[in-house]
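What follows is the residue order along each chain.
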Amino acid sequence: MSSKQGDMLLEEFLRNVIQYIYSVSSPSSFVIDALNSPEYLNLKYIDIDGIRKFLQDLLSFEKEVKVFFKVPNQQMISNTRSRPTPNPNQVVAAFINFLLLMLEFILRFDPDFIACVKGSIQILRTELGFLITFLGDTAMHLLSTNNILIDIEVVVNEVGSFFFPFFFTTLVIIQIIQGKGITDSNSSAMNTMTDMVNEVRSFLHADFSNFLEVPTTEVEEAKNAMTDIKALVNEVGSFLVPDIGILDLALSDLLPKFELLIPKIKEHCIRVSYMPSDLAPNTALVSLFIFDSVLDDLMYLINNKSDRIVGVNDQIVTLHEELLLLGSSVTDIAVQQEAGHEDILIRAIDIAYEVEYVINSFPHVWYLILRLPQLIEKVQLVKNKIDVAGVPKVSKYPGEQVSLQSKEPPILEDNVVGFDKVATEIAEQLVGGTQQLQLISIFGMPGLGKTTLANKVYNNPSVVYHFYERAMCVISQTYNKKDILVAILRSIKNLTKEKIENMDEKILAEDLYKSLKGMRYLIVMDDIWDTEVWDDLKRYFPDDGIGSRILITTRNKEIGLEASPRSVIIALPFLSEDECWELLQRKVFQDKNCPQELLGIGKQIAANCRGLPLAVVVIAGVLANMEKKEHLWQKVARNLSSHLSQTHDKSIQLLELSYKHLPMHLRPCFLSFGAFEEDTEIPVRKLISLWVAEGFVKKEEQKSLEDVAIGYLMKLIDRSLVLVVKRRFDGGVKTCKIHDLLREMCSRIAEENNFLKVVKVNVDDPLWSFSLLMYQQQHRLIINNDQSHSRLLHFGPHVRSLLCCFLLPTTFISCSCKLVRVLDFCKIVRGFSVNGIENLVHLRYLTISGRLPPMESFQRLQCVVVHSTDEIEIPNILLNMLSLRHMHFLDGGYFSASCFQQATNNESFQINNNLESISVIRISNETDLKMLACSPNLRRLKVSIRSSLNYSFDFLNQLESLKLESGALSSSFFSLPLNLKQLTLADAHISPEQMEIIGKLEYLEVLKLQYVVFEGEQWDTSEGGFPQLKFLKLYGVKIAEWNAECDHFPRLQQLVLEFCNCLKMIPPNLGDIPTLQKIVSLLPTGEFSFAGDITLAMFIDFFNVPRPLQVMHKAEKKYEIGKVTDEEEAKQRQMKAILNKLTPQNFEKLFEQVKQVNIDNVITLSGVISQIFDKALTELTFCEMYANFCFHLATELPDLSIENKKITLKRLLLNKCEVECERG
């Protein structure tokens, strides 16, 4: 360990201890004053009085601080302002967690210092970890733990006393280092903890006159004064870390005391087994994914961890069998949605969580011997209750007793805004088109105004005139067939309610059919939730070929698609910002005008409603009932989401219906969106990986878990709960998001059901309360701590997912978080590091920055994402993990030297893994390819090629997506996998032979060429090539001649050309490709022409310059581009080189180089913006840095214009964003 690393570790250790002390201190205490004043304990080598004062303050401080190395007493807790007041179990557990965090630090001290006691310290960590998980075992709370808690408190207090010297020594050494002015350059003498302890002792026994800055005549007086502080020196020395021998003795005395707790814990467990299990449920979320997850854990134990469960193997097998039967029973109940059995379902789910906690948390077999029989008995008891109660057949449509009159009137009432265009479109569909009976479906997310629109169309004069009979009814979530028949008949026949309600359902159905027979009718059915409703009613609507229509509103796109092959599906769009503002004004001010001083903030509030009419109406209700003051509206704008989520009126309940109607397997997936911040654009691949890691996705035959998860997402999209932001070229979803109002609903429901909790930490929050949040029964925690002041985050024996959106240079995780399956540091900076992560043995998903932690314990890891400033060496253990499917090194990775040596020396070298995606892996030679060949299941691969050897990737038979980046890829022959669907080549030299190979890939659909140089700057395509290619992008490609016919790309749908400055001519016959839908082009100055059947709008989309860029004129069947020099290409390459090196640390230095690039025209600036945009998308960690880059760049640019119109960086950047969003 270097001196700098040692200093950082000590400072971090000191910071964490001080943080804990601060969290359990009274705000007005002496200790807090000292901690908040850096100079309070500040050693100054000026005079003997300064040294005497330092020692006196140090001793006074020691007495005040030592109390915090014991379990906080009731008076201390009352001073922390914790609400609610924590119970004794939580207090003791929080203190143990503090000790565990200190242990993680001590284990990272210099190995030589703790070598003799490392084994004992690790045992101490195991025993403390057991105690904290025992206290978190909810079943143990059936019987008061007060007696055993007293015994545990005595032991852990002794552990605290053992740790105190480490803190005190660290405090003293840092003060001495600061007082003597020691820097990194001259502190090499203190590389280890031993050196630091010796330094402190040297200080205490030093002849202070040697370094006191006093005149020679006063030295003798100073020496005499030293006698007065000898007692102080001896007393301070007694509190320092003792030598290693004394440490060993102390541990030898301490560890046996844990053994004395075992009989008492056993006795408590046995007594609990006789208690009735009547704890309140820990979760109200009825979702069965936990059964599959726990069954998988049990099977893993049986098959892979037999050494750990020696003595309890049979019980583990029995528990697996019983839980499998229980899971089958509760699945039957869940499928039938029997409301009367919900308590049994929740109880069964709680038991599954309890099983997971016990089998995955406890290292001691003796505890499993006690607990497993209790768990088996609980499982059997619930199973027997289900058998006794039976699972009765339920009606096809449960809840039929709910009256349709409970349906509220349309949320927008008579304030119809923004529906004119779509209303006209629907009216035209109703009165025109086919004469056959046709169903028209209006679908969209809740709160968009579907009912309002249906009412508007229903009362449209042309519609009223066109149909002989009209009726409107509300289906709602609780379908009742007779009520629907009655509602329709009453609309078309003059019958009293009393008369018609006494009629038999069969007679009502016959009467309805006869009443509609031969009549052109319109039936509006509002709020349909299931296709079964239409299947049950459609027989009563005759099709006489006279233009009758059925208009339905629904939240589920599938309803209309499955109802009829002739259905017309109309997706209701969001309102524009102007339409939101118009609606908000009408609701708040009625017929009056908005005051001038409220215009700006009012429009801001309207825009933040994100186009959802329901959100506008809800927030309008808030504004209408407060004073029309700007500062009050500003407050609403700042807390818009909380205002929306706290409004529990009928309008908000409409949103919750969508959640309640979700199938059980989709509920946890939907609620997981509450973990993401507002307006976050969520990468689908990350979302899917998180769902799979959490165990939300059920295994299906012949399908991968990822494919099943994609199906789940599409269901949520079709139900209008999730919004598509960007699509891939093949129509797949690339990124998605959720409306802010739905996100708030997700967060609220998730927290109410103990499913997920979002914790926002502010500087003024009582940290003790915050640390206890982790101890509660929350399974997922999202920590938002932008203030970066808290390090007490990683404490939670029940937490399964931990998403930390905060920035800390170093953070530690204690071994109490044993159940964590997902660890995601959402905001990461360079230099960020996590310690203690190896304790998370059940981890499935990991996003981390910097170096990789020891990977040996992650035997169930499925996905790892690493951010780093340098390439990462991939350890052998990672390549041999059978569970690992996705491995992403955003700044590059390479095979380790040991792995490379084995592959070189051993012809039969083999790696066993199931990797499906890798990025970005460095390939330098054939041995690298040999190692890559050991991953035959790869489907997606990004490679950085570092030499010009002949490369072949055809051994990857399952590969579908490949990206090759290389400055060295020359015209040497290479071969590619035959099943490839997507190929990207970057920074490469390509020969005609290589392009011919690419053209023969019969499944290739997407081809992207970035900064590719064609041999001879010419590309000649031929017939029979690119048979399935649909998307072609050329970016910065060096090509002058491109010769192609329309049949050379028979299925091409989209062509993108960017910065192809040397290209003289676009092949004239591309316009004849029948499938071509769009050409997107960024072109240099020059003249353009278009011919054939392609329209100008289809042919050119200038996405980052004002349109039209140049005058278009008709030419002789060709598209001519003005020739330019290579100067522009050189500029773009220069910018790319700068951006590739850009980091927050070297920002200022590299930006000076940017100023040397001559950005003197719109084309150059457009290229720079395109590069920045691409970098920001691929390096999400640095989005803030690239935004800062744009800000600085804008201040350095000269005035730019086109056709006397001023062009700014802001305008070009907004255009780029708009086009990319539309492109998806």
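Anyway, here's the lowdown on the structure attached to this text. Nothing here was measured: the structure is a model prediction, and the numbers come from that model.

1. Section: the overall build of the protein
Part 1 of the reasoning: Scanning the protein for helices and strands turns up 47 helices and 34 strands.
Part 2 of the reasoning: Buried residues in the protein amount to 56% of all 1224 residues.
Part 3 of the reasoning: Looking at the protein alone, contacts between residues at least 24 apart form 65% of all its contacts between residues at least 6 apart.
Part 4 of the reasoning: Element-wise, carbon and sulfur atoms account for 50% of the exposed surface of the protein, whose accessible area totals about 52100 Å².

2. Digging into the pairing of strand E19 (residues 917-923)
Part 1 of the reasoning: A large share of E19 lies buried, amounting to 6 of its 7 residues.
Part 2 of the reasoning: Where strand E18 (residues 886-895) lies against E19, 4 bridges are found, and the strand directions are parallel. Of the residues in E19, the one forming a bridge with His888 is Ser919.
Part 3 of the reasoning: Note that the unit made of E19, helix H40 (residues 926-932) and strand E20 (residues 940-945) has a crossover that is right-handed.

3. Quick word on the packing of helix H15 (residues 289-304) against helix H17 (residues 342-361)
Part 1 of the reasoning: As a packed pair, H15 and H17 sit with axes 9 Å apart at the nearest point and diverge in direction by 30°. Classified by the angle their axes make, H15 and H17 are roughly parallel. As for how H15 packs across H17, the hand of that crossing is left-handed. Facing H15, whose interface residues are Phe289, Ile290, Phe291, Ser293, Val294, Asp297, Leu298 and Leu301, H17 presents Ala348, Ile349, Ala352, Tyr353, Val355, Glu356, Ile359 and Asn360.
Part 2 of the reasoning: A class-by-class count of the residues in the contact of H15 with H17 yields 12 nonpolar, 2 polar and 2 charged.

4. As for unusual backbone geometry
Part 1 of the reasoning: The omega torsion of the bond from Ser919 to Val920 falls at -20°, within 30 degrees of zero and hence cis.
Part 2 of the reasoning: With respect to the helices, strands and loops of the structure, Val920 is situated in strand E19.
Part 3 of the reasoning: We note that Tyr1011 has phi near 50°; this positive angle belongs to a residue other than glycine.
Part 4 of the reasoning: Taking relative accessible area as the criterion, Tyr1011 reaches 7% and is therefore assigned buried.
Part 5 of the reasoning: You will see that Glu1017, though not glycine, has its phi angle at about 50°, which is positive.

5. Examining the pattern of salt bridges
Part 1 of the reasoning: This model, assessed by the stated rule, comprises 37 salt bridges.
Part 2 of the reasoning: Between Glu505 and Lys481 there is a salt bridge, with the nearest N and O atoms lying 3.8 Å from each other. Of the two residues, Glu505 sits in helix H24 (residues 505-516) while Lys481 sits in helix H22 (residues 481-492), which places them 24 residues apart along the sequence.
Part 3 of the reasoning: Note on Glu505: relative accessible area 32%, which makes it partly exposed.
Part 4 of the reasoning: Given a relative accessible area of 17%, Lys481 falls into the buried group.
Part 5 of the reasoning: Of the charged contacts in the structure, one is a salt bridge between Glu751 and Lys757, with a shortest N-O distance of 2.5 Å.
Part 6 of the reasoning: Owing to a relative accessible area of 35%, Glu751 belongs among the partly exposed residues under this scheme.
Part 7 of the reasoning: A residue is classified by how much of its surface remains accessible, and Lys757, at 13% relative accessible area, is buried.

6. What to know about the packing of helix H7 (residues 118-135) against helix H14 (residues 261-273)
Part 1 of the reasoning: It is the contact of H7 with H14, at a shortest axis distance of 13 Å, that shows an interaxial angle of 20°. Classed by the angle they form, the pair H7 and H14 counts as roughly parallel. Note that H7 runs across H14; the crossing there is left-handed. Where H7 abuts H14, its residues Phe130, Leu131 and Phe134 lie against Leu261, Ile265, His268 and Cys269.
Part 2 of the reasoning: Considering only residue class, the contact of H7 with H14 consists of 6 nonpolar, 1 polar and no charged.

7. Notes on the pairing of strand E29 (residues 1054-1058)
Part 1 of the reasoning: When you tally the buried positions in E29, you get 5 out of 5 residues, the bulk of the element.
Part 2 of the reasoning: Here E29 shows no split at all, with Gln1054, Val1056 and Glu1058 on one side and Leu1055 and Leu1057 on the other all buried.
Part 3 of the reasoning: Relative to E29, strand E27 (residues 1031-1035) is paired through 5 bridges, and the arrangement is parallel. Paired with Tyr1035 across the strands is Glu1058, a residue of E29.

8. A word on helix H44 (residues 1147-1154)
Part 1 of the reasoning: All of the buried residues along H44 are Phe1147, Leu1150, Phe1151 and Val1154. For H44, the angular spread of the buried residues around the axis is 105°, confining them to a single face. Exposed positions of H44 whose direction lies more than 90 degrees from the buried face are Glu1148 and Lys1149.
Part 2 of the reasoning: Looking at the packing, one finds that the buried side of H44 touches helix H43 (1127-1141) and helix H46 (1183-1196).

9. Let's talk about the sheet that holds strand E6 (residues 682-683)
Part 1 of the reasoning: Pairing is antiparallel in the open sheet, where 3 strands are placed in the order E6-E8-E7. Of all strands in the sheet, those bounded by a partner on one side alone are E6 and strand E7 (723-727).

10. Some thoughts on the environment of Val616
Part 1 of the reasoning: If you trace the backbone, Val616 turns up in helix H29 (residues 613-624).
Part 2 of the reasoning: Taking relative accessible area as the criterion, Val616 reaches 0% and is therefore assigned buried.
Part 3 of the reasoning: Sequence separation between Val616 and Leu583 is 33 residues, and the spatial gap between their C-alpha atoms is 7.2 Å.
Part 4 of the reasoning: With residues up to four places along the chain from it excluded, the contact list for Val616 reads Cys580, Leu583, Leu584 and Cys609.

11. A look at the packing of aromatic side chains
Part 1 of the reasoning: Considering all chains together, one arrives at 27 aromatic pairs under this definition.
Part 2 of the reasoning: An angle of 20° between the planes, with centres 6.4 Å apart, marks the rings of Phe130 and Phe134 as stacked. Placement of the pair is Phe130 and Phe134 together in helix H7, with a separation of 4 residues, close to one helical turn.
Part 3 of the reasoning: Judged by its relative accessible area of 1%, Phe134 falls in the buried class.
Part 4 of the reasoning: Here Trp366 and Tyr367 contribute two aromatic rings whose centre-to-centre distance is 5.9 Å and whose plane-to-plane angle is 80°, an arrangement assigned as edge-to-face. Like Trp366, the residue Tyr367 is buried in the burial classification.

Thresholds, definitions, all that
Residues numbered from 1 in each chain as written. Predicted model: local features only at pLDDT ≥ 70, side-chain atom pairs only at ≥ 80, totals over all residues. Heavy atoms only, no water. Helix = DSSP H or I, 4+ residues; strand = E, 2+ residues; numbered from the N terminus. Buried < 20%, exposed > 50% of the residue type's maximum accessible area, 1.4 Å probe, protein only. Contact = heavy atoms within 4.5 Å. Areas by Shrake-Rupley, 256 points an atom, 1.4 Å probe, with all protein chains shown as cover. Pairing = 2+ DSSP bridges. Right-handed = clockwise from strand over helix to strand, strands pointing away. Axes fitted to C-alpha atoms, helices over the stretch in contact; angles between N-to-C directions. Parallel < 35°, antiparallel > 145°, perpendicular 65-115°, else oblique. Left-handed = near helix turned anticlockwise from the far one by under 90°. Nonpolar A, V, L, I, M, F, W, Y, C, P; charged D, E, K, R; others polar. Salt bridge = Lys/Arg side-chain N within 4 Å of Asp/Glu carboxyl O. Arc of directions from axis to C-beta. Phe/Tyr/Trp six-rings, centres within 6.5 Å; stacked < 30°, edge-to-face > 60°.

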